[in-house]
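For reference, the chains in residue letters:
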Amino acid sequence: MKACMLLLLIACTAMLQAADPTPAGSTAELKAIKGSVQLPSGWFLHEEGEDGLSVYQITREKVESENDPFTAGLIISVTTKVPDRNSMKPSEYAAELLSSTQDEGGGELKKTTEGDYIVYRAEYKIEADSGNVEVINLAKANDKTGTLYFLTWQAPMAEEAKMGPLREEIFKSLKLDPTY
């Protein structure tokens, strides 16, 4: 009986580990923006772009366009020549975009720097029929090149224990070319 329980425990542990997404999948090249990001095992990458705007979706479910729904994932929108498009530096534009999250019940807007990037982060939740969804916006503004990287993460709040560490690993794995 103990041997059966041990085998069952090992099998269940293996199934849980296999179902748990890890960032150890593969490195996805973001060629249009000269960058890369770690794609978790079993996740999908979809890319669209036009006129100096590139959009990447890294999602648990396969999507065919940027309008397709998904439950967990990251959208990376990259806009070049922000001063020409909006008459603002990328950092000013990012702060303006993220200030709207305060209307969504977002917490404090956090500002840091990473090399050439001014980084803003805002977190809030959205109530949905399927349960609360956590949304994290991360804006990386490069005022030297005029480029704004705007990241939006969403995942069910009920999965935060699993998705939170995965999200942070994906964020950390994002490699950007500071000259772009």
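For clarity, every value in this text was computed on a predicted model and none was experimentally measured.

Participant: Is there a simple way to think about the pairing of strand β8 (residues 133-142) in this case?
Facilitator: Every regular strand shows the same layout, with side chains that alternate between the two sheet faces. Most of β8 is tucked away: 10 of the 10 residues are buried. Side chains of β8 alternate between two faces, with Val-133, Val-135, Asn-137, Ala-139 and Ala-141 and Glu-134, Ile-136, Leu-138, Lys-140 and Asn-142 buried alike. Alignment of strand β7 (residues 117-126) against β8, held across nine bridges, turns out to be antiparallel. Bridge pairing in β8 links Ile-118 to Ala-141. Joining the antiparallel neighbours β7 and β8 is a turn of six residues, in which Gly-131 adopts a positive phi near 125°.

Participant: Looking at this structure, how should I read the packing of aromatic side chains?
Facilitator: Between two aromatic rings, the relevant description is the distance of the centres plus the angle of the planes. Inspection of the entire model under this criterion finds two aromatic pairs. On the basis of an interplanar angle of 15° and a centroid distance of 6.2 Å, the ring pair of Trp-43 and Trp-153 is categorised as stacked. With Trp-43 in the loop between β2 (35-39) and β3 (44-50) and Trp-153 in strand β9 (residues 147-156), the pair connects residues that are 110 residues apart, well separated along the chain. Neither Trp-43 nor Trp-153 differs from the other in exposure class; each is buried. A ring pair is formed by Tyr-117 and Tyr-149, whose centres lie 5.9 Å apart and whose planes are at 75°; its orientation type is edge-to-face. Here Tyr-117, found in strand β7, pairs with Tyr-149, found in strand β9; they are 32 residues apart in sequence, far enough to count as distant. By relative accessible area, which is 8% here, Tyr-117 ends up buried. Assessed through its relative accessible area of 0%, Tyr-149 is described here as buried.

Procedures and definitions
- Sequence positions are assigned chain by chain, starting from 1 and proceeding in written order.
- Per-residue local features are limited, in this predicted model, to residues with pLDDT of at least 70; the limit for side-chain atom pairs, both in listing and counting, is 80 or more; totals at the level of whole chains, interfaces and linings are taken over all residues.
- Side-chain measures here rest on the full set of heavy atoms in the structure, leaving out hydrogens and waters.
- Type-normalised accessible area, obtained with a 1.4 Å probe on protein chains alone, sets the label of each residue: buried when under 20%, exposed when over 50%, and partly exposed for intermediate values.
- Working definition: helices are DSSP H or I runs of at least four residues, strands are E runs of at least two. Numbering for both runs from the N terminus.
- Any two strands between which DSSP finds at least two bridges are classified as paired.
- Stacked, edge-to-face and tilted labels apply to pairs of Phe, Tyr and Trp rings (six-membered ring for Trp) whose centres lie within 6.5 Å, assigned for plane angles under 30 degrees, over 60, and everything in between, in that order.

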